[in-house]
Amino acid sequence: MVKVPFVNLGLQFEAHEQALTEAFRSLSKRGAYVMSPELEEFEKRFAAYIGTEFAVGVGNATDGLFLTMKALNIGAGDEVITVSNSFIATGGAIANAGARAIFIDVGEDYNMDPDLLEPAITPRTRAILPVHLTGMPADMTPILEIAKRHELLVIEDAAQAVGAKYEGKRVGSLGIAGAFSLHPLKNLHVQGDGGVVTTNDATLYRELMKWRNHGLKNRDECDFFAYNSRLDSIQAAIANEKLSYLDQYTERFQEIAMRYWNGLKGSVEVPVLPENREGVFHNFVIQVNEREALMAFLESEGIETKIHYPIPIHQQKAAQVFELGTPHLPVTEKQAKRILSLPIYPELKDEQVKTVVDKINRYFN
Ligand SMILES: *Cc1c(COP(=O)(O)O)cnc(C)c1O
């Protein structure tokens, strides 16, 4: 039986073992663990890759979103419009900034439905926070247009979408800022937690550099009390190594996605592929009725699948802080019952991809 685990991080380490071990040795001998040149090098290279002036390494993407809101003075009394079909961190960052998340429904691309944006805007709205879920960019042109008309900030949750493009531009370069995750389960990942925020705004950049580092403007002078959320040097060194291979990895993600897409389109609902966007397929999500039965069948065949995410944020107990009552999010709620993520990572073998396709098709036919 061809087994298909949902992740296999050891394989990527093996492929980079020599370079990563060397980076660890070099850092360790210098004792350069925090704010070493590796961090600055990664920030410069990452900004260039995304197409922004600046990038700021942070502890994780959740802090990236949170610190961005702090730096933009978004907090108590403010509303941030976002989606409920996301990892809970999207809502958590807004709550921890002291603001109120307003959830609107998503479209068939699993992302913010721009048609629902304008009715959700109130005098308290400060920002729109679209999520590029599954690594597929949200429909940014109408989102940016509406934001401009209403003088709202756009903060991109690009945690799942490093390298994804919208009309030729990489996500994270479209709003005032974009937050990326380097968590082990994300496409560009390190060996622990990590994150990075991109921006073209020089003021935001300067403020973020302080917000992640105790509010210090230099070694000794502190402008305001802030947080300690820097990207560790060892993680920055790992990210530097991985960044050199990101395009290669992305191509493989996309190749596997197309094998799934072509192989499964007759049996299940496959992702929509809008022409103006290039997704990086952090997840490959299908939709089926009676999902649990399919999951159990695949499990019995040695194929591991997951659900991203079974409980939308607005239905979490934690979301009661937003005092939203019962928001009307029919598409989000319907999708939460039908979505299923198939294994996808660059190290997956063609034979494994074919096994997944064959088993699902056999199940339905
Ligand atoms: C992973 C993820 C985050 C949080 O990233 P961390 O680096 O783990 O904090 C936020 N939003 C989305 C959509 C994510 O997938």
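Right above here is the structure, for reference.
Q: Provide a residue-level description of unusual backbone geometry, including the pertinent values.
A: The omega angle of the peptide bond from histidine 308 to tyrosine 309 is 5 degrees, so this bond is cis rather than trans. You can see tyrosine 309 is positioned in the loop between α11 (291–300) and α12 (330–338). For threonine 134, which is not glycine, the phi torsion reads 65 degrees and is therefore positive. With respect to the helices and strands, the residue threonine 134 is situated in the loop between β4 (125–128) and α7 (140–149).

Q: Go over empty space enclosed by the protein, please, and point to the residues and values.
A: Enumeration according to the criterion identifies two cavities of 30 Å³ or more in this entry. Estimates place the volume of the largest cavity at around 90 Å³. Looking at the largest cavity, it is lined by 13 residues, and the ones nearest its centre are Thr134, Met136, Pro271, Val272 and Phe281. Per-class residue counts for the lining of the largest cavity are eight nonpolar, four polar and one charged. Empty space within the second largest cavity amounts to approximately 30 Å³.

Q: If you had to explain the sheet that holds strand β6 (residues 165–166) to someone new, which residues and values would you point to?
A: With respect to topology, three strands assemble into an open sheet ordered β7-β6-β10, the strand pairing being antiparallel. The two strands at the open ends of the sheet, each matched to only one other strand, are β7 (169–170) and β10 (277–278). Here β6 runs beside β7; their pairing, made up of two bridges, is antiparallel. Considered in β7, the bridge of lysine 165 is made with arginine 170.

Q: Tell me about the sheet that holds β4, and please be specific about residues and values.
A: Pairing in this open sheet of seven strands is mixed, and the strands run β1-β9-β8-β5-β4-β2-β3 from one edge to the other. At either margin of the open sheet sits one strand with a lone partner, and together these are β1 (54–58) and β3 (100–104). With direction set aside, neighbouring strand axes in the sheet form an average angle of 25 degrees. Of the strand pairs in this sheet, β4 and strand β5 (residues 153–157) are connected by two bridges, and their pairing is parallel. Bridging across to β5, alanine 127 finds its partner in leucine 153. Along the sheet, helix α4 (residues 61–71) contacts β1, β2 (79–83), β5, β8 (177–181) and β9 (195–199); its crossing angle with β8, the most-contacted strand, is approximately 160 degrees. Together, β4 and β5 form the strand contacts of α7, whose direction differs from that of β5 by roughly 150 degrees.

Q: Tell me what's going on with the environment of histidine 150, and back it up with residues and numbers.
A: When you line up the elements, histidine 150 lands in the loop between α7 and β5. As a C-alpha pair, histidine 150 and isoleucine 121 span 29 residues in sequence and 8.5 Å in three-dimensional space. If near-sequence neighbours (up to four positions away) are discounted, histidine 150 is found in contact with Glu118 and Ile121.

Q: Tell me about the pattern of salt bridges, residues and numbers included.
A: Applying the stated criterion across every chain yields a total of 22 salt bridges. Here arginine 126 and aspartate 78 are joined by a salt bridge, their closest N and O atoms 3.4 Å apart. With arginine 126 in strand β4 and aspartate 78 in the loop between α4 and β2, this pair connects stretches of sequence that are 48 residues apart. Accessibility expressed as a relative area gives 26% for arginine 126, which makes it partly exposed. The closest approach of N and O atoms between arginine 291 and glutamate 292, which form a salt bridge, is 3.2 Å.

Q: Pulling in residues and values, what's your account of a nonpolar patch on the surface?
A: Side chains of Val7, Leu9 and Leu185 sit close together on the surface and give an oily, nonpolar patch of about 240 Å² of accessible area. With respect to the helices, strands and loops of the structure, valine 7 is situated in the segment before α1 (9–15). Here valine 7 falls in the partly exposed class, since its relative accessible area comes to 42%.

Q: Describe the packing of aromatic side chains, listing the residues and the values that go with them.
A: The full count for this structure, using the stated rule, is twelve aromatic pairs. Aromatic pair tryptophan 211 and phenylalanine 224: ring centres 4.6 Å apart, planes at 45 degrees, arrangement tilted. Here tryptophan 211, found in helix α8 (residues 202–211), pairs with phenylalanine 224, found in the loop between α8 and α9 (233–243); they are 13 residues apart in sequence, far enough to count as distant. Judged by its relative accessible area of 12%, tryptophan 211 falls in the buried class. Note on phenylalanine 224: relative accessible area 21%, which makes it partly exposed. Taking the centre distance of 5.0 Å and the plane angle of 35 degrees together, the rings of phenylalanine 297 and tyrosine 363 count as tilted. Residue phenylalanine 297 is found in helix α11, and its partner tyrosine 363 is found in helix α13 (residues 350–364); the two are separated by 66 residues along the sequence. For phenylalanine 297, a relative accessible area of 17% corresponds to the buried category.

Rules and cut-offs
Residues numbered from 1 in each chain as written. Predicted model: local features only at pLDDT ≥ 70, side-chain atom pairs only at ≥ 80, totals over all residues. Heavy atoms only, no water. Helix = DSSP H or I, 4+ residues; strand = E, 2+ residues; numbered from the N terminus. 1 Å grid on protein atoms, 1.4 Å probe; cavity = no way out; pocket = protein on both sides within 12 Å on 5 of 7 lines; lining within 4 Å. Points joined across faces, edges and corners; volume = space filled by probe spheres on them. Nonpolar A, V, L, I, M, F, W, Y, C, P; charged D, E, K, R; others polar. Pairing = 2+ DSSP bridges. Axes fitted to C-alpha atoms, helices over the stretch in contact; angles between N-to-C directions. Contact = heavy atoms within 4.5 Å. Salt bridge = Lys/Arg side-chain N within 4 Å of Asp/Glu carboxyl O. Buried < 20%, exposed > 50% of the residue type's maximum accessible area, 1.4 Å probe, protein only. Patch = residues over 30% accessible without salt bridge, like charges linked within 9 Å, V, L, I, M, F, W, Y side chains within 5 Å. Areas by Shrake-Rupley, 256 points an atom, 1.4 Å probe, with all protein chains shown as cover. Phe/Tyr/Trp six-rings, centres within 6.5 Å; stacked < 30°, edge-to-face > 60°.

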